[in-house]
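This is what each chain is made of:
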Amino acid sequence: MWAKENGIEGDDEREEESEEDNSDEEEEEEPRLKYQRMGGSVPTLLQSDAASCIAVSERMIALGTHSGSVHILDFLGNQIKLECKEAIPTALIAIVEVKEFIAHTAAVNDLCFDIEGEYIGSCSDDGSVVINSLFTEERLKFEYHRPMKAIALDPDYVRKASRRFVTGGLAGHLYYNVKKWIGYRDQVLHSGEGPIHSVKWRNSLIAWANDAGVKVYDAANDQRLTFIERPRGSPRPELLLPHLVWQDDNLLVIGWGTSIKIVSIRNNQNRANDTYKNLQMSSLNKVDIVASFQTSYFISGIAPFGDSLVILAYVPVEEDGEKDFSSATPSRQGNAQRPEVRVVTQNNDELSTDALPIHGFEHYKAKDYSLAHSPFSGSSYSGGQWAAGNEPLYYIVSPKDVVIAKPSFSMGISPASLALPAPRSLRLQANKLTQIWDARDTEDHISWLLQHGRHEKALAAVEAGQGRSELHEEVKLKYLDSLIVEHKYAEAASRCPKLLRGSAAWERWVFHFAHLRQLPVLVPYIPTENPRLRDTAYEVALVALATNPSFHKDLPSIIRTWPHNIYSASPVISAIEPQLNTSSSTDALKEALAELYVIDGQYEKAFSLYADLMKPNLFDFIEKHNLHDGIREKVAQLMMIDCKRAISLFIHHRDIVSPSDVVSQLVAAKTKCDYRQFLHLYLHSLFESNPHAGRDFHDMQVELYADYDPKMLVPFLRSSQHYTLEKAHEICVKRGLLKEQVFILGRMGNAKQALTVIINKLGDIEEAIEFVSNQHDDELWEELIKQCMNKPEMVGVLLEHTVGNLDPLYIVNRVPNGLEIPRLRDRLVKIITDYRTETSLRHGCNEILKADCVNLLIKCYKEARRAIYLGNEEDESHNKSNNKNSASHPAKRYVSVRTTEVKSKSRCGARCCICFDPFSIQDVAIYAFFCCHAYHETCLSDSIISISRQTKPATPPPRDNLQYYSDNGDDNDDDDDSVDDARIRCILCTTAAG
């Protein structure tokens with residue numbers, strides 16, 4: 001693309017091209033190259049002169065003219081100043097202003113820099129070759145007296161003392177000039193095949209072209225390597241010159257006429273083998289033509305473009321519908337076409353084509369154009385991109401114009417790549433050129449992408465940090481707009497977080513999507529902070545989700561994710577509630593509404609929705625917010641969520657949810673769940689908690705136990721008194737529950753029928769015997785014996801288990817004659833043995849019983865003989881102090897006379913049986929006996945002494961030996977007999993008291 005600010009305005013007489021829109025036409029590609037007409041001093045120089053050739057180094061540009069001058073320019077086209085100090089460190093500081101070398105008196109045909117850019121060689125039609133040092137006063141001139149068309153300096157010219165170069169011209173000789181110790185000497189490398197038209201030197205390889213073709217010479221080994229014949233049918237060299245360029249150290253590109261060949265020159269592996277040391281060196285190099293193709297245009301210049309090629313094409317004029325390739329001269333003056341710059345692959349696949357509006361192109365021939373490129377590292381090119389600072393520059397030269405081309409959308413020229421040892425003036429110019437190229441390339445590239453609808457690529461360019469910040473915002477907005485126009489709303493929404501990061505434009509896009517009714521696709525990407533939008537934006541977004549059933553599934557997660565303080569829940573609730581009873585209601589919408597109720601503090605409503613949605617964490621929600629009052633209406637849902645936790649909840653809150661509520665709601669939900677299973681689990685747990693709480697449903701519970709847990713039916717039947725026996729029996733009969741039938745029949749009083757069920761259906765005689773034993777009914781025994789008489793096996797079992805219940809002889813006598821009883825002998829032996837054992841046990845038990853009775857009577861007798869001592873308060877405190885001092889004596893119980901009322905059944909009443917004084921008169925201790933006689937302690941002691949004197953002398957027992965009934969008396973029963981005589985006795989009774 002041409003731009004006015006870059007100095008190229010295009011041609012006023014540009015031909016109009018008729019372009020038809022075709023749907024099958026390939027998508028237009030962005031130009032591979034960007035162009036800029038060289039300014040600076042060049043327009044002024046070419047006003048009075050004409051450019052003939054150009055050479056480019058890493059430091060500067062050399063432009064040759066038809067007048068014989070060589071102009072040294074910077075990359076902007078300005079004539080430069082060169083500092084000697086930069087080239088020769090030991091030289092004095094001096095600045096030499098170099099504007100031009102007037103080296104020749106005729107047109108300059110070729111120019112060549114050495115690899116360091118310190119020497120420039122030129123040749124001219126005046127027959128001279130001039131080599132100038134750019135940083136010193138050194139200047140060499142060689143006269144060959146015939147027009148010289150090509151020159152190539154040794155790449156290491158500045159480093160080597162040999163100062164080699166090769167040159168050739170119309171004389172047909174290729175001169176190889178080397179400096180010897182006696183001076184410079186020419187050696188003719190080749191001659192006799194016509195003029196030398198071009199020569200290029202790379203490392204030690206020299207390639208040149210003459211009328212016969214192209215030859216390659218190895219200067220290091222002084223050997224000719226190969227010969228490539230001139231393409232057949234190519235124009236005469238004086239009309240269209242051949243072009244040579246080294247793509248790298250091993251690839252030589254030849255452009256001649258309409259033919260391109262790429263030659264590979266590589267060392268042969270046999271070179272390392274000593275057995276080949278005597279072979280010709282040419283045989284030690286392998287030369288292959290790796291690519292060859294024809295073009296539809298004349299080649300006016302060629303240069304490498306990474307792995308591809310840049311070709312300066314001259315398109316012949318079409319005459320009678322066909323292109324004329326027979327001549328490079330236009331058939332009519334002033335009708336030549338624009339030169340074209342084409343980027344092609346090595347297979348001749350065109351990547352791009354650009355027509356250049358060169359000044360005066362209508363009058364130029366193919367040989368009037370030339371193409372040069374700046375040296376660059378081939379390794380810097382990878383995957384179609386150059387590393388920053390290593391992009392190549394291409395210079396298209398016509399007599400009155402110089403155009404610079406470089407790859408589109410590159411990073412520009414790095415100052416580091418522009419020969420850092422160059423003079424400061426060169427570095428400054430390189431920096432300036434870099435800035436121009438950078439700004440122009442980036443903005444041109446982005447503008448071209450936007451103009452051609454490549455918004456995504458434009459966005460990628462600005463995201464890479466290129467261009468001005470204002471341009472970044474413009475590209476982002478246009479990219480989003482382009483997606484909206486293409487109805488790619490989802491993609492536009494997904495790009496917003498990245499494109500609008502931290503931008504205040506978020507709200508505008510939220511309402512823009514809302515206006516387009518596409519806001520639901522943007523909602524997941526709306527930021528909640530950095531930036532935080534107004535409450536209205538979030539509320540509008542949530543309402544948009546709520547009113548679009550396709551996005552209901554996203555609404556709960558959005559509500560849970562967004563902070564609750566950034567919006568008000570009320571508007572969203574108002575938008576959702578009307579939809580609950582419509583066809584647009586979904587579970588996701590209910591869940592979202594429940595979340596909003598929680599945010600709004602309406603926990604009861606949230607609980608109702610969560611219950612309908614069967615949320616697993618509903619029980620935790622109930623406990624957290626104390627919502628037990630609300631569980632009454634959600635019994636079935638809670639049971640379906642977690643029956644164990646629901647049952648526990650219902651039982652603990654029977655005051656809120658009665659058993660009738662639970663049962664009725666479960667029955668009503670029979671189409672939604674296995675309600676009978678839930679009823680069984682609930683009623684079973686309720687019965688275990690409180691056997692009477694669910695008594696109204698015990699009839700139902702009998703049936704539930706029969707269906708789901710028959711093993712628990714008998715315990716239930718035994719424990720409950722609230723079921724109907726007839727219904728329970730009917731249920732057990734239908735389900736064949738025999739043991740349960742037996743129990744119910746027994747409770748109904750129909751023991752004979754129960755016994756029949758045991759014998760005839762269960763066939764368990766032991767169960768029958770146990771049942772009869774529990775009934776304690778002799779008639780039932782008779783019924784059992786009667787029903788067993790016809791069953792020999794049962795008779796045998798009956799004989800075994802009736803010991804202790806019936807007389808076995810009675811059963812044996814009832815057995816019909818001739819009835820064979822299995823194992824009768826063994827069973828009779830067992831009966832006799834069991835009988836003997838039982839008799840022995842009974843005898844032993846009787847003996848033990850008798851002994852126990854005697855011992856207990858003796859103990860009772862002894863206990864009855866003992867007196868109770870009732871002391872006054874002084875005696876009590878005296879005895880307590882004695883007990884503390886003597887820990888070895890058992891404690892004695894004293895009762896105060898003042899606090900104890902002695903009620904005697906004797907005729908003495910509450911009086912002493914000796915002195916007949918009431919006990920309350922004298923403050924004296926009392927002895928009371930189990931015979932209901934009581935005595936003052938003094939009266940009893942005097943009576944005992946008196947009686948003892950009449951029988952025998954005796955010492956009256958001290959007060960401490962007057963014992964009363966105590967707990968320790970049982971441990972001294974054996975000692976009591978030996979001290980009976982020393983015990984206090986009741987005087988009035990014939991029974992001695994001890």
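This structure is a prediction, so every number in the text was calculated from the model and none was measured.

What follows concerns the pattern of salt bridges. Summed over all chains, the structure comprises 25 salt bridges. Its salt-bridge partner being Lys141, residue Glu143 comes within 3.6 Å of it at the nearest N-O pair. With its nearest N and O atoms 3.0 Å apart, the salt bridge here joins Lys615 to Glu591. Here Lys615, found in the loop between helix H13 (603–613) and helix H14 (618–625), pairs with Glu591, found in helix H12 (residues 587–599); they are 24 residues apart in sequence, far enough to count as distant. Residue classification places Glu591 among the buried residues on the basis of a relative accessible area of 16%. Linked through salt bridges whose partners overlap, the residues forming this network are Arg560, Glu591, Glu595 and Lys615.

Among the six residues in strand S18 (residues 213–218), six count as buried, and that is most of the element. In the sheet, strand S17 (residues 205–209) pairs with S18 via five bridges, with the strands oriented antiparallel. Across the sheet, the residue bridging to Ala209 is Val214, located in S18. Adjacent in sequence and paired antiparallel, S17 and S18 are bridged by three residues. In this structure, S18 lies alongside strand S19 (residues 223–229), joined through six bridges in antiparallel fashion. Note on S19: the bridge partner recorded for Gly213 is Glu229. Between the antiparallel neighbours S18 and S19 lie four residues, among them Asp222 with a positive phi of about 55°.

Further remarks concern the side chain of Ser259. Residue position: Ser259 is located in strand S22 (residues 259–267). Discounting chain neighbours no more than four positions away, the residues touching Ser259 are Pro231, Ile254, Phe293, Gln294 and Ile299.

With that out of the way, let us pick up unusual backbone geometry. Across the chain, the bulk of peptide bonds are trans and the bulk of non-glycine residues have phi less than zero. Asn530 connects to Pro531 through a cis peptide bond whose omega is 0°. By the secondary structure assignment, Pro531 is in the loop between helix H8 (519–522) and helix H9 (535–546). The phi dihedral of His145 is positive, around 65°, even though this residue is not glycine. Inspection of the secondary structure puts His145 in the loop between strand S11 (139–143) and strand S12 (148–153). Look at His145 and you get exposed, because its relative accessible area is 67%. The phi dihedral of Asn203 is positive, around 55°, even though this residue is not glycine. By the secondary structure assignment, Asn203 is in the loop between strand S16 (198–202) and S17.

Strands sit in the order S1-S34-S33-S30 across an open sheet of four strands; the sheet is antiparallel. Pairing within the sheet leaves two strands with one partner each, and these edge strands are strand S1 (33–37) and strand S30 (370–373). The sheet shows a mean angle of 25° between the axes of neighbouring strands, taken without regard to direction. Both S30 and strand S33 (residues 394–398) contribute to a ladder of four bridges, which runs antiparallel.

Before going further, it helps to spend a moment on the confidence of the model for the chain. On average, the chain scores 78 in pLDDT, and the residues at 70 or more come to 76%. Contacts of residues 84–96 to residues separated by more than four positions or lying in other chains number 18 contacts, the stretch itself having pLDDT below 50. Within the model, pLDDT remains below 50 along residues 271–282, and this stretch shows 12 contacts once partners closer than five positions in the same chain are excluded.

Here we take up the packing of aromatic side chains. Enumeration according to the criterion identifies 19 aromatic pairs in this entry. One aromatic cluster in this structure is built from Phe687, Tyr705, Phe716 and Tyr723.

Taking 1.5 Å per residue as the helical rise, H9 with its 12 residues ought to reach 16 Å, and the 17 Å between its terminal C-alpha atoms agrees with that figure. Listing the buried residues of H9 in full gives Ala537, Tyr538, Glu539, Ala541, Leu542, Ala544, Leu545 and Ala546. In this structure, the buried residues of H9 make contact with helix H7 (506–515), H8, helix H10 (555–561), helix H11 (569–576) and H12.

Phe513, Ile526, Trp562 and Phe650 are the most contacted members of the largest nonpolar core, which has 91 residues in total. For this core, the leading source of residues is H9, giving seven residues. Beyond its immediate stretch of four places on either side in the chain, Ile526 contacts Trp506, Val510, Leu519, Leu533, Tyr538, Ala541 and Trp562. Formed by 24 residues, the second largest nonpolar core is a distinct cluster that contains Val757, Ile758, Met794 and Leu798.

About the cut-offs
Residues numbered from 1 in each chain as written. Predicted model: local features only at pLDDT ≥ 70, side-chain atom pairs only at ≥ 80, totals over all residues. Heavy atoms only, no water. Salt bridge = Lys/Arg side-chain N within 4 Å of Asp/Glu carboxyl O. Helix = DSSP H or I, 4+ residues; strand = E, 2+ residues; numbered from the N terminus. Buried < 20%, exposed > 50% of the residue type's maximum accessible area, 1.4 Å probe, protein only. Pairing = 2+ DSSP bridges. Contact = heavy atoms within 4.5 Å. Axes fitted to C-alpha atoms, helices over the stretch in contact; angles between N-to-C directions. pLDDT = per-residue confidence, 0-100. Phe/Tyr/Trp six-rings, centres within 6.5 Å; stacked < 30°, edge-to-face > 60°. Expected span 1.5 Å × (residues − 1). Core = buried A, V, L, I, M, F, W, Y, C linked by side-chain atoms within 4.5 Å.

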